[in-house]
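One letter stands for each residue in the lines below.
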Amino acid sequence: MNEHRSPSSRAAHRFAAPVVPVLAALLAMATPGAAREHPPFEARAGLELASAAAHSWAADAVLIYIENDEPLGSAGSTPRWGYLFHSAERDQGRAYSVRDGNILMAENLPMRFEAPPVGSQWIDSGAALAAAWQAAGHDFCRDHGGQLSTMLLMRGAFQDEDLESAAWTVIFTSPSAPSLFVMVDADDARVRRTWRG
Amino acid sequence: MRTNHRVRVLAASVAALASLPMSRVPIAGAQTETEVVVERARPQREKHSTLQFLKQNRDFIRYRYDRLRQKMVAGRGDAGPIDPRYLAYSRMLAGVLAANDSIAAADDSRQSQLLLASITDLGGLEAQLDQMDRTLAEQRNRLGILQEDFTGHQETALIVVLSGDPGQAALDSFTFTLEDGAKVEVAVTEEQRESLRHGGALQVFHGFVEPREQVFEVAFGGAGWPAGDAGFVTLAPERNRITLLRLDLTGARPAGGAAGVRARTWLHDTGPAPRDG
(Lines give C-alpha, C1' and ligand atoms only; values in the text may rest on other atoms or scores of the structure.)
Protein backbone atom coordinates (compact mmCIF):
# COMPACT_ATOMS: atom_id res chain seq x y z
CA MET A 1 0.00 0.00 0.00
CA ASN A 2 1.40 3.32 -1.03
CA GLU A 3 1.34 6.01 1.51
CA HIS A 4 1.49 9.62 0.43
CA ARG A 5 2.47 12.34 2.81
CA SER A 6 2.88 16.01 2.13
CA PRO A 7 6.24 17.58 3.06
CA SER A 8 4.58 19.38 5.92
CA SER A 9 3.10 16.18 7.33
CA ARG A 10 6.46 14.45 6.99
CA ALA A 11 8.02 17.32 8.87
CA ALA A 12 5.35 17.02 11.50
CA HIS A 13 5.98 13.27 11.70
CA ARG A 14 9.71 13.79 12.11
CA PHE A 15 9.03 16.30 14.83
CA ALA A 16 6.40 14.20 16.54
CA ALA A 17 8.35 10.97 16.55
CA PRO A 18 10.85 11.90 19.25
CA VAL A 19 8.50 14.30 21.01
CA VAL A 20 5.60 11.93 21.65
CA PRO A 21 7.55 9.50 23.84
CA VAL A 22 9.09 12.40 25.72
CA LEU A 23 5.68 13.94 26.33
CA ALA A 24 4.31 10.59 27.40
CA ALA A 25 7.18 10.16 29.83
CA LEU A 26 6.66 13.64 31.22
CA LEU A 27 2.95 13.00 31.65
CA ALA A 28 3.68 9.73 33.40
CA MET A 29 6.09 11.52 35.74
CA ALA A 30 3.51 14.20 36.42
CA THR A 31 0.89 11.67 37.50
CA PRO A 32 2.79 8.83 39.16
CA GLY A 33 -0.16 7.68 41.26
CA ALA A 34 -2.55 7.44 38.37
CA ALA A 35 -0.09 5.58 36.18
CA ARG A 36 1.02 3.14 38.83
CA GLU A 37 -0.15 -0.45 38.62
CA HIS A 38 -0.68 -2.42 41.80
CA PRO A 39 0.26 -6.07 41.24
CA PRO A 40 -2.47 -8.59 42.04
CA PHE A 41 -1.81 -11.45 44.43
CA GLU A 42 -3.65 -14.38 45.95
CA ALA A 43 -5.08 -14.13 49.44
CA ARG A 44 -2.45 -16.08 51.33
CA ALA A 45 0.39 -13.83 50.17
CA GLY A 46 -0.82 -10.97 52.36
CA LEU A 47 -1.69 -13.06 55.37
CA GLU A 48 1.70 -13.06 57.09
CA LEU A 49 1.91 -9.28 57.14
CA ALA A 50 -1.68 -8.87 58.28
CA SER A 51 -1.13 -11.46 61.02
CA ALA A 52 1.99 -9.66 62.24
CA ALA A 53 -0.01 -6.46 62.55
CA ALA A 54 -2.90 -8.23 64.24
CA HIS A 55 -0.62 -9.76 66.84
CA SER A 56 0.83 -6.32 67.56
CA TRP A 57 -2.74 -5.21 68.17
CA ALA A 58 -3.77 -8.22 70.28
CA ALA A 59 -1.76 -11.29 71.23
CA ASP A 60 -4.85 -13.50 70.97
CA ALA A 61 -5.98 -12.20 67.56
CA VAL A 62 -7.28 -14.90 65.21
CA LEU A 63 -8.15 -14.63 61.53
CA ILE A 64 -11.90 -14.91 60.99
CA TYR A 65 -12.58 -13.51 57.53
CA ILE A 66 -10.95 -12.57 54.19
CA GLU A 67 -12.48 -10.59 51.35
CA ASN A 68 -11.17 -8.98 48.17
CA ASP A 69 -11.00 -5.20 48.56
CA GLU A 70 -10.53 -4.50 44.86
CA PRO A 71 -11.86 -6.21 41.73
CA LEU A 72 -10.71 -9.78 41.19
CA GLY A 73 -8.91 -11.16 38.19
CA SER A 74 -10.04 -14.39 36.63
CA ALA A 75 -7.24 -16.28 38.40
CA GLY A 76 -8.34 -15.32 41.90
CA SER A 77 -5.89 -12.48 42.43
CA THR A 78 -6.56 -8.87 43.31
CA PRO A 79 -4.32 -5.90 44.09
CA ARG A 80 -5.84 -5.59 47.58
CA TRP A 81 -7.20 -8.09 50.11
CA GLY A 82 -8.89 -7.37 53.42
CA TYR A 83 -8.18 -9.54 56.48
CA LEU A 84 -10.36 -9.45 59.57
CA PHE A 85 -9.10 -10.60 62.96
CA HIS A 86 -10.95 -11.01 66.23
CA SER A 87 -9.59 -10.66 69.73
CA ALA A 88 -11.59 -12.29 72.50
CA GLU A 89 -9.59 -10.36 75.07
CA ARG A 90 -10.44 -7.04 73.47
CA ASP A 91 -13.88 -8.26 72.35
CA GLN A 92 -13.26 -6.47 69.08
CA GLY A 93 -12.49 -7.03 65.42
CA ARG A 94 -9.76 -5.27 63.47
CA ALA A 95 -9.35 -5.25 59.69
CA TYR A 96 -6.18 -4.83 57.66
CA SER A 97 -6.16 -4.05 53.97
CA VAL A 98 -2.95 -5.20 52.25
CA ARG A 99 -1.66 -3.86 48.93
CA ASP A 100 1.83 -3.86 47.40
CA GLY A 101 3.16 -5.79 50.39
CA ASN A 102 2.12 -3.00 52.76
CA ILE A 103 -0.80 -2.44 55.05
CA LEU A 104 -2.73 0.26 53.27
CA MET A 105 -5.16 0.81 56.09
CA ALA A 106 -6.25 -0.61 59.41
CA GLU A 107 -9.51 -0.08 61.20
CA ASN A 108 -11.55 -1.48 64.04
CA LEU A 109 -14.65 -3.16 62.72
CA PRO A 110 -17.59 -0.88 63.61
CA MET A 111 -19.81 -3.83 64.46
CA ARG A 112 -19.90 -6.90 66.63
CA PHE A 113 -18.81 -9.87 64.56
CA GLU A 114 -17.85 -13.05 66.37
CA ALA A 115 -17.07 -15.59 63.70
CA PRO A 116 -15.08 -18.76 64.38
CA PRO A 117 -11.42 -18.72 63.32
CA VAL A 118 -10.75 -19.94 59.81
CA GLY A 119 -7.61 -21.77 60.90
CA SER A 120 -4.42 -22.10 58.91
CA GLN A 121 -5.24 -24.93 56.50
CA TRP A 122 -7.05 -23.47 53.50
CA ILE A 123 -6.55 -23.48 49.78
CA ASP A 124 -5.61 -20.20 48.21
CA SER A 125 -8.01 -17.98 46.31
CA GLY A 126 -6.76 -19.12 42.89
CA ALA A 127 -7.58 -22.78 43.49
CA ALA A 128 -10.95 -21.90 45.01
CA LEU A 129 -11.90 -19.72 42.10
CA ALA A 130 -10.84 -22.33 39.55
CA ALA A 131 -13.25 -24.78 41.17
CA ALA A 132 -16.04 -22.19 41.19
CA TRP A 133 -15.52 -21.30 37.52
CA GLN A 134 -15.68 -24.95 36.55
CA ALA A 135 -18.69 -25.79 38.70
CA ALA A 136 -21.04 -23.05 37.57
CA GLY A 137 -19.26 -19.75 37.09
CA HIS A 138 -18.48 -20.11 33.40
CA ASP A 139 -22.03 -21.12 32.52
CA PHE A 140 -23.54 -18.35 34.60
CA CYS A 141 -21.36 -15.64 33.07
CA ARG A 142 -21.96 -16.94 29.55
CA ASP A 143 -25.73 -17.28 29.94
CA HIS A 144 -26.41 -14.10 31.90
CA GLY A 145 -23.61 -11.77 30.96
CA GLY A 146 -22.37 -12.12 34.51
CA GLN A 147 -19.05 -11.33 36.08
CA LEU A 148 -16.95 -12.35 39.05
CA SER A 149 -17.69 -10.03 41.93
CA THR A 150 -16.51 -11.17 45.35
CA MET A 151 -14.58 -13.90 47.16
CA LEU A 152 -14.92 -14.49 50.89
CA LEU A 153 -13.17 -16.94 53.16
CA MET A 154 -14.87 -17.68 56.45
CA ARG A 155 -16.22 -20.49 58.52
CA GLY A 156 -19.82 -21.18 59.29
CA ALA A 157 -21.88 -18.33 57.93
CA PHE A 158 -23.09 -20.02 54.75
CA GLN A 159 -22.53 -23.58 55.90
CA ASP A 160 -25.23 -25.83 57.33
CA GLU A 161 -22.93 -28.79 57.79
CA ASP A 162 -19.25 -29.58 57.96
CA LEU A 163 -18.73 -26.57 60.17
CA GLU A 164 -15.26 -27.49 61.30
CA SER A 165 -13.52 -26.29 58.17
CA ALA A 166 -13.54 -22.97 56.40
CA ALA A 167 -15.09 -22.37 52.99
CA TRP A 168 -14.59 -19.91 50.18
CA THR A 169 -17.76 -18.30 48.88
CA VAL A 170 -17.42 -17.02 45.33
CA ILE A 171 -20.10 -14.60 44.12
CA PHE A 172 -20.88 -13.94 40.46
CA THR A 173 -23.26 -11.10 39.64
CA SER A 174 -25.33 -10.28 36.58
CA PRO A 175 -27.46 -7.29 35.63
CA SER A 176 -30.20 -9.61 34.40
CA ALA A 177 -30.27 -12.48 36.89
CA PRO A 178 -29.96 -13.18 40.60
CA SER A 179 -26.37 -13.55 41.77
CA LEU A 180 -24.71 -16.94 41.78
CA PHE A 181 -23.04 -18.14 44.99
CA VAL A 182 -20.57 -21.00 44.83
CA MET A 183 -19.25 -22.41 48.08
CA VAL A 184 -15.91 -24.18 47.79
CA ASP A 185 -14.44 -26.28 50.59
CA ALA A 186 -11.24 -24.60 51.73
CA ASP A 187 -9.70 -27.98 52.59
CA ASP A 188 -9.93 -29.77 49.27
CA ALA A 189 -11.44 -27.38 46.67
CA ARG A 190 -14.62 -29.48 46.49
CA VAL A 191 -17.68 -27.45 45.55
CA ARG A 192 -20.04 -27.92 48.45
CA ARG A 193 -23.07 -26.19 47.00
CA THR A 194 -24.28 -23.46 44.71
CA TRP A 195 -27.30 -21.23 45.04
CA ARG A 196 -28.85 -18.12 43.56
CA GLY A 197 -29.86 -15.10 45.52
CA MET B 1 -0.82 -2.55 69.99
CA ARG B 2 -1.32 -4.43 73.16
CA THR B 3 -2.40 -1.94 75.75
CA ASN B 4 -1.79 -4.20 78.73
CA HIS B 5 1.67 -4.97 77.58
CA ARG B 6 2.27 -1.33 76.87
CA VAL B 7 1.15 -0.36 80.33
CA ARG B 8 3.43 -2.96 81.87
CA VAL B 9 6.35 -1.93 79.75
CA LEU B 10 5.68 1.71 80.34
CA ALA B 11 5.41 1.21 84.07
CA ALA B 12 8.83 -0.38 83.99
CA SER B 13 10.13 2.40 81.81
CA VAL B 14 8.74 5.12 84.02
CA ALA B 15 10.12 3.41 87.09
CA ALA B 16 13.51 3.37 85.47
CA LEU B 17 12.94 6.65 83.77
CA ALA B 18 15.61 8.32 85.74
CA SER B 19 18.47 9.25 83.52
CA LEU B 20 19.26 6.69 80.95
CA PRO B 21 22.69 7.74 79.76
CA MET B 22 22.82 8.43 76.07
CA SER B 23 25.50 5.82 75.66
CA ARG B 24 22.99 3.17 76.76
CA VAL B 25 20.36 4.17 74.26
CA PRO B 26 20.87 1.84 71.33
CA ILE B 27 21.86 3.99 68.42
CA ALA B 28 22.67 2.46 65.08
CA GLY B 29 25.18 3.77 62.64
CA ALA B 30 24.68 7.34 61.54
CA GLN B 31 23.99 6.22 57.97
CA THR B 32 20.76 4.52 59.05
CA GLU B 33 19.36 7.48 60.95
CA THR B 34 16.66 9.45 59.21
CA GLU B 35 15.37 12.86 60.08
CA VAL B 36 11.60 12.98 60.38
CA VAL B 37 9.39 16.03 60.44
CA VAL B 38 7.18 16.85 63.39
CA GLU B 39 4.26 18.48 61.63
CA ARG B 40 1.88 21.05 63.03
CA ALA B 41 -1.25 19.44 61.60
CA ARG B 42 -2.22 15.81 61.28
CA PRO B 43 -1.35 14.70 57.73
CA GLN B 44 -4.38 13.90 55.61
CA ARG B 45 -4.36 10.45 54.08
CA GLU B 46 -6.30 8.97 51.24
CA LYS B 47 -9.43 7.14 52.40
CA HIS B 48 -9.89 3.52 51.46
CA SER B 49 -12.65 1.10 52.27
CA THR B 50 -12.26 -2.53 53.22
CA LEU B 51 -14.51 -5.59 53.64
CA GLN B 52 -17.34 -3.96 51.72
CA PHE B 53 -19.41 -7.13 51.23
CA LEU B 54 -19.26 -7.89 54.94
CA LYS B 55 -20.35 -4.39 55.88
CA GLN B 56 -23.16 -4.31 53.31
CA ASN B 57 -24.48 -7.70 54.39
CA ARG B 58 -23.66 -7.62 58.07
CA ASP B 59 -27.21 -8.16 59.29
CA PHE B 60 -27.61 -11.30 57.21
CA ILE B 61 -24.21 -12.70 58.17
CA ARG B 62 -24.74 -11.97 61.83
CA TYR B 63 -28.13 -13.68 61.64
CA ARG B 64 -26.43 -16.74 60.17
CA TYR B 65 -23.88 -16.81 62.98
CA ASP B 66 -26.55 -16.37 65.62
CA ARG B 67 -28.38 -19.32 64.11
CA LEU B 68 -25.17 -21.31 64.08
CA ARG B 69 -24.57 -20.72 67.77
CA GLN B 70 -28.01 -22.08 68.63
CA LYS B 71 -27.39 -25.27 66.67
CA MET B 72 -26.10 -28.37 68.46
CA VAL B 73 -22.83 -29.41 66.95
CA ALA B 74 -21.06 -32.66 67.69
CA GLY B 75 -17.56 -31.50 68.53
CA ARG B 76 -14.39 -33.37 69.13
CA GLY B 77 -12.39 -32.88 72.28
CA ASP B 78 -9.04 -34.04 71.08
CA ALA B 79 -6.01 -32.85 72.98
CA GLY B 80 -3.58 -30.83 70.92
CA PRO B 81 -0.12 -32.13 70.16
CA ILE B 82 2.65 -31.22 72.57
CA ASP B 83 5.19 -28.83 71.15
CA PRO B 84 8.27 -31.03 70.51
CA ARG B 85 10.49 -28.21 71.75
CA TYR B 86 9.13 -28.70 75.27
CA LEU B 87 9.98 -32.40 75.13
CA ALA B 88 13.46 -31.49 73.94
CA TYR B 89 14.01 -29.14 76.89
CA SER B 90 13.90 -32.00 79.40
CA ARG B 91 16.49 -33.89 77.35
CA MET B 92 18.63 -30.75 77.24
CA LEU B 93 18.33 -30.38 81.00
CA ALA B 94 19.38 -34.00 81.48
CA GLY B 95 22.34 -33.26 79.21
CA VAL B 96 23.30 -30.27 81.33
CA LEU B 97 23.17 -32.34 84.53
CA ALA B 98 25.17 -35.15 82.97
CA ALA B 99 27.74 -32.64 81.75
CA ASN B 100 28.00 -31.21 85.25
CA ASP B 101 28.58 -34.69 86.64
CA SER B 102 31.29 -35.47 84.11
CA ILE B 103 32.98 -32.11 84.72
CA ALA B 104 32.90 -32.72 88.47
CA ALA B 105 34.31 -36.21 88.00
CA ALA B 106 37.00 -34.90 85.70
CA ASP B 107 37.83 -32.18 88.20
CA ASP B 108 38.18 -34.72 91.01
CA SER B 109 40.34 -36.82 88.81
CA ARG B 110 42.45 -33.83 87.84
CA GLN B 111 42.93 -32.91 91.51
CA SER B 112 44.23 -36.35 92.27
CA GLN B 113 46.35 -36.37 89.18
CA LEU B 114 48.04 -33.18 90.26
CA LEU B 115 49.72 -35.31 92.83
CA LEU B 116 51.19 -37.44 90.12
CA ALA B 117 54.15 -35.90 88.43
CA SER B 118 54.39 -38.63 85.88
CA ILE B 119 54.86 -37.54 82.27
CA THR B 120 52.56 -40.30 81.08
CA ASP B 121 49.62 -38.76 82.98
CA LEU B 122 49.77 -35.59 80.87
CA GLY B 123 48.09 -37.37 77.97
CA GLY B 124 45.10 -38.22 80.16
CA LEU B 125 44.93 -34.64 81.37
CA GLU B 126 44.82 -33.39 77.79
CA ALA B 127 41.97 -35.76 77.00
CA GLN B 128 40.03 -34.40 79.95
CA LEU B 129 40.56 -30.81 78.79
CA ASP B 130 39.28 -31.79 75.34
CA GLN B 131 36.21 -33.28 76.94
CA MET B 132 35.60 -30.03 78.86
CA ASP B 133 35.87 -28.10 75.60
CA ARG B 134 33.28 -30.37 74.03
CA THR B 135 31.01 -29.96 77.03
CA LEU B 136 31.29 -26.18 76.78
CA ALA B 137 30.48 -26.30 73.05
CA GLU B 138 27.38 -28.42 73.76
CA GLN B 139 26.34 -25.99 76.45
CA ARG B 140 26.66 -23.05 74.06
CA ASN B 141 24.56 -24.97 71.55
CA ARG B 142 21.81 -25.51 74.13
CA LEU B 143 21.88 -21.83 75.05
CA GLY B 144 21.58 -20.95 71.36
CA ILE B 145 18.47 -23.13 71.04
CA LEU B 146 16.89 -21.51 74.09
CA GLN B 147 17.75 -18.03 72.82
CA GLU B 148 16.15 -18.72 69.45
CA ASP B 149 13.03 -20.21 71.02
CA PHE B 150 12.46 -17.49 73.56
CA THR B 151 14.14 -14.34 72.32
CA GLY B 152 14.71 -14.95 68.64
CA HIS B 153 11.35 -13.67 67.41
CA GLN B 154 11.22 -9.90 67.54
CA GLU B 155 7.78 -8.42 67.02
CA THR B 156 7.27 -4.99 65.54
CA ALA B 157 7.98 -2.48 68.28
CA LEU B 158 8.59 1.20 68.78
CA ILE B 159 10.76 2.94 71.35
CA VAL B 160 10.48 6.69 71.83
CA VAL B 161 13.15 8.61 73.71
CA LEU B 162 13.59 12.26 74.59
CA SER B 163 17.09 13.70 74.55
CA GLY B 164 18.87 17.01 74.45
CA ASP B 165 19.05 19.94 76.83
CA PRO B 166 15.69 21.70 76.78
CA GLY B 167 17.42 24.87 78.06
CA GLN B 168 14.92 27.33 79.46
CA ALA B 169 11.99 25.28 78.18
CA ALA B 170 10.31 23.98 81.32
CA LEU B 171 9.25 20.50 80.31
CA ASP B 172 6.87 19.00 82.85
CA SER B 173 5.16 16.31 80.86
CA PHE B 174 5.13 14.43 77.59
CA THR B 175 2.19 12.77 75.88
CA PHE B 176 2.46 10.19 73.12
CA THR B 177 -0.70 9.12 71.29
CA LEU B 178 -0.99 6.23 68.87
CA GLU B 179 -3.24 6.27 65.83
CA ASP B 180 -5.86 4.10 67.53
CA GLY B 181 -6.18 6.68 70.31
CA ALA B 182 -4.13 4.84 72.93
CA LYS B 183 -2.36 7.54 74.92
CA VAL B 184 0.71 7.45 77.14
CA GLU B 185 1.33 10.37 79.49
CA VAL B 186 4.63 10.74 81.28
CA ALA B 187 5.45 13.30 83.95
CA VAL B 188 8.99 14.65 83.69
CA THR B 189 10.65 15.32 87.05
CA GLU B 190 13.32 17.83 87.88
CA GLU B 191 15.80 14.98 88.26
CA GLN B 192 15.01 13.81 84.74
CA ARG B 193 15.28 17.34 83.32
CA GLU B 194 18.68 17.58 84.96
CA SER B 195 19.60 14.30 83.36
CA LEU B 196 18.59 15.64 79.95
CA ARG B 197 20.74 18.72 80.51
CA HIS B 198 23.71 16.44 81.10
CA GLY B 199 23.27 14.35 78.00
CA GLY B 200 20.86 11.74 79.31
CA ALA B 201 17.85 10.34 77.50
CA LEU B 202 14.41 9.42 78.75
CA GLN B 203 12.60 6.41 77.37
CA VAL B 204 8.98 7.48 77.24
CA PHE B 205 7.42 4.68 75.23
CA HIS B 206 8.26 1.08 74.40
CA GLY B 207 5.49 -1.06 72.97
CA PHE B 208 4.23 -3.14 70.09
CA VAL B 209 2.97 -1.28 67.05
CA GLU B 210 1.52 -2.36 63.74
CA PRO B 211 3.98 -2.63 60.82
CA ARG B 212 2.38 0.04 58.65
CA GLU B 213 2.63 3.74 57.98
CA GLN B 214 0.88 5.62 60.75
CA VAL B 215 0.78 8.98 62.43
CA PHE B 216 1.86 9.41 66.05
CA GLU B 217 0.94 12.48 68.05
CA VAL B 218 3.43 14.07 70.42
CA ALA B 219 2.70 16.82 72.92
CA PHE B 220 4.87 18.62 75.45
CA GLY B 221 3.55 20.21 78.63
CA GLY B 222 5.01 22.86 80.90
CA ALA B 223 5.29 26.59 81.34
CA GLY B 224 5.48 28.29 77.99
CA TRP B 225 4.33 25.31 75.91
CA PRO B 226 1.05 26.23 74.19
CA ALA B 227 -1.87 24.45 75.83
CA GLY B 228 -3.45 21.86 73.57
CA ASP B 229 -0.57 22.03 71.11
CA ALA B 230 0.57 18.82 69.45
CA GLY B 231 2.92 17.68 66.72
CA PHE B 232 2.45 14.78 64.33
CA VAL B 233 5.12 12.32 63.25
CA THR B 234 4.56 9.87 60.41
CA LEU B 235 6.47 6.61 60.77
CA ALA B 236 6.30 3.23 59.07
CA PRO B 237 7.67 0.79 61.67
CA GLU B 238 9.35 -2.12 59.95
CA ARG B 239 7.90 -5.55 60.55
CA ASN B 240 9.59 -7.64 63.25
CA ARG B 241 12.10 -4.89 64.03
CA ILE B 242 12.46 -2.28 66.74
CA THR B 243 12.08 1.25 65.43
CA LEU B 244 13.48 4.05 67.55
CA LEU B 245 12.27 7.63 67.52
CA ARG B 246 14.37 10.30 69.21
CA LEU B 247 12.88 13.70 69.91
CA ASP B 248 15.71 16.15 70.41
CA LEU B 249 14.83 18.98 72.77
CA THR B 250 18.07 20.85 72.20
CA GLY B 251 17.22 24.46 71.62
CA ALA B 252 13.49 23.74 71.75
CA ARG B 253 11.38 26.88 71.99
CA PRO B 254 8.11 26.22 73.79
CA ALA B 255 6.42 29.07 71.99
CA GLY B 256 7.04 27.25 68.72
CA GLY B 257 5.16 24.20 69.99
CA ALA B 258 5.90 20.56 69.40
CA ALA B 259 6.47 21.11 65.69
CA GLY B 260 9.71 22.90 66.53
CA VAL B 261 11.28 19.76 67.98
CA ARG B 262 13.76 17.85 65.84
CA ALA B 263 13.14 14.15 65.41
CA ARG B 264 15.20 11.28 64.08
CA THR B 265 14.38 7.63 63.57
CA TRP B 266 16.38 4.47 63.00
CA LEU B 267 16.14 0.71 63.27
CA HIS B 268 17.65 -1.18 66.15
CA ASP B 269 19.19 -4.58 65.47
CA THR B 270 18.42 -7.21 68.06
CA GLY B 271 19.03 -10.49 66.30
CA PRO B 272 19.99 -13.50 68.38
CA ALA B 273 23.66 -14.19 68.88
CA PRO B 274 25.04 -16.57 66.28
CA ARG B 275 24.92 -20.21 67.28
CA ASP B 276 28.30 -21.47 68.37
CA GLY B 277 29.65 -24.66 66.98
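Given the structure is predicted, the values throughout are model-derived calculations rather than measurements. (Residues numbered from 1 in each chain as written. Chains lettered and ligands numbered in written order. Predicted model: local features only at pLDDT ≥ 70, side-chain atom pairs only at ≥ 80, totals over all residues.)

A. Inspection of the overall build of chain A at higher detail. When you go through chain A residue by residue, the secondary structure sums to four helices and eight strands. Ordered by position in the sequence, the α and β elements of chain A form the string α-α-α-β-β-β-β-α-β-β-β-β. Looking at chain A as a whole, 39% of its 197 residues are labelled buried. Here the contacts in chain A between residues at least 6 apart in sequence split such that 56% fall between residues at least 24 apart. (Helix = DSSP H or I, 4+ residues; strand = E, 2+ residues; numbered from the N terminus. Buried ≥ 20, exposed ≤ 12 C-beta atoms within 10 Å, placed from the backbone. Contact = placed C-beta atoms within 7 Å.)

B. Spatial organisation of the interface of chain A and chain B. Contact with chain A, which involves 31 residues of that partner, is made by 23 residues of chain B. Tallied by class, residues from the side of chain A that touches chain B come to 20 nonpolar, seven polar and four charged. (Nonpolar A, V, L, I, M, F, W, Y, C, P; charged D, E, K, R; others polar.)

C. Here's a closer look at helix α6 (residues 190-197) of chain B. All names here are of chain B. By the burial criterion, the buried members of α6 are Q192, R193, S195 and L196. Down the axis of α6, the buried set is contained in an arc of 155°. They therefore lie on one face. With respect to the buried face of α6, the exposed residues turned more than 90 degrees away are E190, E191 and E194. Packing partners of the buried residues in α6 comprise β4 (157-163) and β7 (200-208). G199 sits one or two positions beyond α6 and adopts a positive phi of about 90°. (Arc of directions from axis to C-beta.)

D. The arrangement of the confidence of the model for chain A in detail. Per-residue pLDDT for chain A has a mean of 83; in total, 79% of the residues score no lower than 70. Below pLDDT 50 for its whole length, residues 1-35 of chain A participates in three contacts with residues either more than four positions away or in separate chains. (pLDDT = per-residue confidence, 0-100.)

E. Representation of unusual backbone geometry in the model. All names here are of chain A. The backbone phi angle of D91 is positive, close to 55°, even though this residue is not glycine. Mapped onto the fold, D91 is located in the loop between β2 (80-87) and β3 (92-99). The phi angle at A189 is positive, at roughly 65°, despite the residue not being glycine. Counting through the fold element by element, A189 comes out in the loop between β7 (180-185) and β8 (191-196). Among the residues examined, A189 registers 17 C-beta atoms within 10 Å and is labelled partly exposed.

F. Local environment of the pairing of strand β1 (residues 62-68) of chain A. All names here are of chain A. By the criterion of burial, β1 is predominantly enclosed, with six of the seven residues buried. Both β1 and β2 contribute to a ladder of six bridges, which runs antiparallel. Paired with E67 across the bridge in β2 is G82. Strand direction decides the pairing type here: β1 and strand β5 (residues 147-154), joined by two bridges, are antiparallel. (Pairing = 2+ DSSP bridges.)

G. Fine view of the sheet that holds strand β3 (residues 38-39) of chain B. Residue and element names in this part refer to chain B. Across the sheet, five strands lie side by side as β3-β9-β8-β5-β6; this open sheet has antiparallel pairing. Across the chains shown, the open sheet's two edge strands, defined by having one partner strand only, are β3 and β6 (183-187). The pairing of β3 with strand β9 (residues 231-235) spans two bridges and is classified as antiparallel. Following the sheet pairing, E39 is matched in β9 by F232.

H. Representation of the sheet that holds β7(A) in the model. Residues and elements named next belong to chain A. Pairing within the open sheet is antiparallel, and its eight strands lie in the order β4-β3-β2-β1-β5-β6-β7-β8. Only two strands of the sheet have a single partner each, and these edge strands are β4 (102-108) and β8. Direction aside, neighbouring strands of the sheet carry axes that sit 15° apart on average. Sheet contacts for helix α3 (residues 47-57): β1, β2, β3 and β4; angle to β3, the most-contacted strand, approximately 145°. (Axes fitted to C-alpha atoms, helices over the stretch in contact; angles between N-to-C directions.)

I. View of the environment of M132(B). Within the element layout of this structure, M132(B) appears in helix α5 (residues 121-151). Non-local contacts of M132(B), meaning those with residues more than four positions away in its chain, are made with I103(B) and A106(B).

J. Structural context of α3(A). Within α3(A) the residues assigned to the buried category are L47(A), A50(A), A53(A), A54(A), S56(A) and W57(A). On its buried face, α3(A) is in contact with β2, β3 and β4 of chain A together with β7 of chain B.

K. Focus on the pairing of β4(A). Residues and elements named next belong to chain A. Where β3 and β4 come together, six bridges link them in antiparallel fashion. Paired with V98 across the bridge in β4 is I103. Hairpin connection from β3 to β4: two residues lie between these consecutive antiparallel strands, with D100 at a positive phi of about 55°.

L. Main features of the nonpolar core. Counting 56 residues, the largest nonpolar core has Y83(A), A128(A) and L153(A) as its most contacted members. Considering each element in turn, this core owes the most residues, seven residues, to helix α4 (residues 125-144) of chain A. With near-sequence residues (within four places) excluded, L153(A) lies in contact with A43(A), Y65(A), I66(A), V118(A), W122(A), A166(A), W168(A) and A186(A). By size, the runner-up hydrophobic cluster in this structure holds 35 residues, among which are F216(B), A219(B), L247(B) and A263(B). (Core = buried A, V, L, I, M, F, W, Y, C linked by C-beta atoms within 7 Å.)

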